[in-house]
Amino acid sequence: MNIELPSAPVMLERLQAVSSITDFTEHFYPLLVKSAGRKNDVPGVIMTIELAISDSSNKIPALRGALTLRMHDWISALIPSPEAAAEARNFWTEAKRHISAHKA
C-alpha cells in the first residue's frame, strides 16, 4: 500500500493535536515534518517515525520511551487513511513482538 504523508502544515497540525509537549514540538516534530508530502509503503512510514524517534532521542534520551509509547498516535497523525493507519499500527505491533521474541 502506497501512502502519501500530509503536507508540512497539515502534518504539524495533526501532530500538535496529539501532543503539544515542548520536547516533542522542538525536537521530534521538526524531524517528521521533513518527510511531509513523501510517498512510502507501510514499513517505510514506520521507519520514518522510528528514525525521528531515534534522532530526537540522541539529544534527549528520555524522549525515546515517551515517543515510543505514543507510536499508534503518531501513525494516526501521519497516515490520513484509517485503513492504511490500521495496517501500519498492526505492522508496528507485529514488528515489535518479533523483535522482543528474538531478544529473549
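A short tour of the structure in this document, coming up. Within any chain, residue numbers begin from 1 and follow the written order of that chain's sequence. A pLDDT threshold of at least 70 governs which residues receive local features in this predicted model, and a stricter bar of 80 or more applies before side-chain atom pairs are shown or counted, although totals over entire chains, interfaces and linings include all residues. Working from all heavy atoms in the structure, the side-chain values ignore hydrogens and water.

## What about the packing of aromatic side chains?
Two aromatic rings from Phe, Tyr or Trp, using only the six-membered ring of Trp, form a pair when their centres are within 6.5 Å; if the ring planes differ by under 30 degrees the pair is stacked, by over 60 it is edge-to-face, and anything between is tilted. Considering all chains together, one arrives at four aromatic pairs under this definition. Measuring from ring centre to ring centre gives 6.0 Å for Phe-28 and Tyr-29, while their planes differ by 50°; the resulting arrangement is tilted. A relative accessible area of 0% means that Phe-28 is categorised as buried. Relative accessibility thresholds used throughout: buried, under 20% of the residue-type maximum; exposed, over 50%; partly exposed, between the two (1.4 Å probe, protein chains only). Relative accessible area serves as the criterion here: at 1%, Tyr-29 is assigned to the buried category. Between the aromatic rings of Tyr-29 and Trp-74, the centroid separation amounts to 5.8 Å while the plane-to-plane angle is 75°, which identifies the pairing as edge-to-face. Highlighted residues: Tyr-29 in helix α2 (residues 22–33) and Trp-74 in helix α5 (residues 71–78), separated in sequence by 45 residues. You can call Trp-74 buried: its relative accessible area is 0%. Grouping aromatic residues by their ring pairs yields a cluster made of Phe-24, Phe-28, Tyr-29 and Trp-74. Throughout this description, the term charge over a ring refers to an Arg CZ or Lys NZ atom that lies within 6 Å of the ring centre and within 35 degrees of the ring normal. Lying across the ring of Trp-74, Arg-70 places its NZ or CZ 5.9 Å from the centre. Comment: elements are numbered from the N terminus, with helices defined as DSSP H or I runs of at least four residues and strands as E runs of at least two.

## Some details on the layout of surface pockets
Where empty space is left in the structure can be found by rolling a water-sized probe over the atoms. Buried and open spaces are told apart on a 1 Å grid over the protein atoms alone, a cavity being a set of points where a 1.4 Å probe fits but cannot get out and a pocket being an open set with protein on both sides within 12 Å along at least five of seven lines. Residues with an atom within 4 Å of a point are the lining residues. Grid points are joined across faces, edges and corners, and a volume is the space filled by probe spheres set on the points. In this structure, the largest pocket occupies an estimated 200 Å³ of space. Taken together, Pro-43, Ile-46, Met-47, Glu-50, Arg-64, Phe-91, Trp-92, Ala-95, Lys-96 and Ile-99 form the lining of the largest pocket. Secondary structure elements with two or more residues in the lining of the largest pocket: α3 (42–59) and α6 (82–103). Ranked by residue count, the leading element in the lining of the largest pocket is α6, at five residues. Any residue outside Ala, Val, Leu, Ile, Met, Phe, Trp, Tyr, Cys, Pro, Asp, Glu, Lys and Arg is labelled polar, Gly included; the first ten of those are nonpolar and the last four are charged. Taken together, the residues of the lining of the largest pocket sort by class into seven nonpolar, no polar and three charged.

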